[in-house]
Amino acid sequence: EKMNSTMSEEPDALSVVNQLRDLAADPLNRRAIVQDQGCLPGLILFLDHPSPPVVHSALLALRYLAECRANREKMKSELGMMLSLQNVIQKTTTPGETKLLASEVYDILQSSNMSDTDNVNEMNYRRRKAQFFLGSTNKRAKTVVLHIDGLDDSSRRNLCEEALLKIKGVISFTFQMAVQRCVVRIRSDLKAEALATAIASTKVMKAQQVVKSESGEEMLVPFQDTPVEVEQNTDLPEYLPEDESPTKEQDKAVSRVGSHPEGAASWLSTAANFLSRSFYW
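Where an unreviewed UniProt entry is consulted, the protein chain appears under the name Armadillo repeat-containing protein 1, with the organism given as Ibidorhyncha struthersii. Quoted verbatim from the Function (unreviewed entry) heading of the UniProt record, the comment on the protein chain is "In association with mitochondrial contact site and cristae organizing system (MICOS) complex components and mitochondrial outer membrane sorting assembly machinery (SAM) complex components may regulate mitochondrial dynamics playing a role in determining mitochondrial length, distribution and motility."

Here it is in structure tokens:
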């Protein structure tokens, strides 16, 4: 009997946490979400959810929220936050990617109010400790920066998220919509080509890797087996007419969200209601 009610609630929990994650992906919403009475406690409770995708999605939301420096103190002092993150890291049943993501969020929050020297020492200490929990099989993570042709609105971003989440070895990702980029943290044994293949599978987007040359210049490198001529970042492919450029689209999107904060706010109250129904009966 109890079991069935949990089963029927689960897709609900996932869709709520996914919507929170998508809201948190927009920098303009990050302060509001953390200030909201119900959302942060709800995300913390999601960290104890029995379903691994719910936990991973909640961590991605927290990872986005922690990017906003002004949020970190409040997040760190929120009841149960640091403890729940530790639980995720220490639980033997937690998937490796999720452990790495949880220790990344823990590190950011833990070092929020330290001086730089303390910060570095603490981060190293945390990392050693996390690696101890993760076991020696889990090699370090690496960061891949992708430039994604066609990443020009939130529905494309969602497609891209879905494609990346399907890949084993992806830990976290952050979108920089204005410049059509996605910064992806992956396990070091995952080949970056896998990301390109996943994004190409959307049929509407194509990824190139952003790399720095020895002189420090950024270059775009297409993913191919055959050696190709490297494209300089200065002349990005002119695949869009001037009046539809992604930056302008981004500005429109930003002003849309910015001028109607009540849209996000009303959604947040819906989320908070759901959270209170599910967790505090």
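*Asks:* Any details on the overall build of the protein chain? Residues and values, ideally.
*Replies:* Scanning the protein chain from N- to C-terminus turns up 12 helices and six strands. For the protein chain, buried positions account for 46% of its 281 residues. For the protein chain, the share of sequence-separated contacts (at least 6 apart) that also reach a separation of at least 24 residues comes to 66%. With an accessible surface of roughly 15,100 Å², the protein chain has 54% of that area assigned to carbon and sulfur atoms.

*Asks:* A description of helix 9 (residues 154–165) should follow, citing residues and the corresponding values.
*Replies:* Over its 12 residues, helix 9 runs 16 Å from end to end, which matches the ideal 16 Å to within 8%, given 1.5 Å per residue. Considered for burial, the residues of helix 9 that qualify are Arg157, Cys160, Glu161, Ala163 and Leu164. For helix 9, the buried positions fall inside an angular range of 165° around the axis, keeping them on one side.

*Asks:* So what's going on with the nonpolar core? Which residues, and what values?
*Replies:* Leu85 and Leu195 are the most contacted members of the largest nonpolar core, which has 64 residues in total. In terms of domain composition, this core takes at least three residues from each of domain 1 (13–111) and domain 2 (141–222).

*Asks:* Describe the environment of alanine 207, and please don't skip the residues or the numbers.
*Replies:* Positionally, alanine 207 belongs in strand 4 (residues 206–212). A residue is classified by how much of its surface remains accessible, and alanine 207, at 8% relative accessible area, is buried. A C-alpha to C-alpha distance of 9.1 Å links alanine 207 and arginine 181, two positions 26 residues apart in sequence. Each residue touching alanine 207, except ones within four places of it in the same chain, is listed here: Leu146, His147, Ile148, Ala196, Ile199 and Phe223.

*Asks:* If you had to explain the side chain of serine 111 to someone new, which residues and values would you point to?
*Replies:* Here serine 111 shows up in the loop between helix 7 (96–110) and helix 8 (116–134). Looking at serine 111, its side chain comes within polar contact range of the main-chain oxygen of aspartate 107, at 2.7 Å.

*Asks:* Talk me through the packing of helix 4 (residues 52–66) against helix 7; I want residue IDs and the actual numbers.
*Replies:* Where helix 4 meets helix 7, the closest approach of the two axes is 10 Å, and the angle between their N-to-C directions is 30°. Viewed along their axes, helix 4 and helix 7 adopt a mutual orientation that is roughly parallel. The hand of the helix 4/helix 7 crossing is left-handed. Residues Val55, His56, Leu59, Leu60, Leu62, Arg63 and Ala66 of helix 4 touch helix 7, and the partners they reach there are Glu97, Thr98, Leu101, Ala102, Glu104, Val105, Ile108 and Leu109. Of the residues that constitute the contact of helix 4 with helix 7, the class distribution is 10 nonpolar, two polar and three charged.

*Asks:* Quick one: what's the story with helix 7, residue by residue and with numbers?
*Replies:* The end-to-end C-alpha distance of helix 7, which contains 15 residues, comes to 21 Å, matching closely the 21 Å that a straight helix rising 1.5 Å per residue would cover. A large share of helix 7 lies buried, amounting to 15 of its 15 residues.

*Asks:* Describe the pairing of strand 5 (residues 218–222), with residues and values.
*Replies:* By the bridge criterion, five bridges tie strand 4 to strand 5 in an arrangement that is antiparallel. When the sheet's bridge partners are listed, glutamine 208 is paired in strand 5 with proline 222.

*Asks:* I'd like a description of the pairing of strand 4, backed by residues and values.
*Replies:* Pairing geometry for strand 1 (residues 141–149) and strand 4, over four bridges, is antiparallel. Each residue of the ladder has a partner; that of aspartate 149, found in strand 4, is lysine 206. Counting the residues that bridge the hairpin from strand 4 to strand 5 gives five residues, and of these glycine 216 lies at a positive phi of roughly 90°.

*Asks:* Now, about the confidence of the model for the protein chain: what can you tell me, with residues and values included?
*Replies:* Across the protein chain, the average pLDDT comes to 76, with 66% of residues at 70 or higher. This model gives residues 1–11 a pLDDT under 50, and the stretch forms four contacts once residues within four places in sequence are excluded. The model gives residues 225–261 a pLDDT under 50, and that stretch makes 37 contacts with residues more than four places away or in other chains.

*Asks:* Tell me about unusual backbone geometry, and name the residues and values.
*Replies:* For glutamine 180, which is not a glycine, the phi torsion comes out positive at approximately 55°. Here glutamine 180 is to be found in the loop between strand 2 (170–176) and strand 3 (181–187). For glutamine 180, a relative accessible area of 3% translates into the label buried. The phi dihedral of lysine 203 is positive, around 70°, even though this residue is not glycine. Along the polypeptide, lysine 203 turns up in the loop between helix 10 (193–200) and strand 4.

Calculation notes
- Residues numbered from 1 in each chain as written.
- Predicted model: local features only at pLDDT ≥ 70, side-chain atom pairs only at ≥ 80, totals over all residues.
- Heavy atoms only, no water.
- UniProt positions renumbered as here; feature names shortened; annotations may be inferred.
- Helix = DSSP H or I, 4+ residues; strand = E, 2+ residues; numbered from the N terminus.
- Buried < 20%, exposed > 50% of the residue type's maximum accessible area, 1.4 Å probe, protein only.
- Contact = heavy atoms within 4.5 Å.
- Areas by Shrake-Rupley, 256 points an atom, 1.4 Å probe, with all protein chains shown as cover.
- Expected span 1.5 Å × (residues − 1).
- Arc of directions from axis to C-beta.
- Core = buried A, V, L, I, M, F, W, Y, C linked by side-chain atoms within 4.5 Å.
- Domains from an automatic or database assignment.
- Polar contact = N/O pair within 3.5 Å; in protein donor to acceptor, adjacent residues only side chain to side chain.
- Axes fitted to C-alpha atoms, helices over the stretch in contact; angles between N-to-C directions.
- Parallel < 35°, antiparallel > 145°, perpendicular 65-115°, else oblique.
- Left-handed = near helix turned anticlockwise from the far one by under 90°.
- Nonpolar A, V, L, I, M, F, W, Y, C, P; charged D, E, K, R; others polar.
- Pairing = 2+ DSSP bridges.
- pLDDT = per-residue confidence, 0-100.

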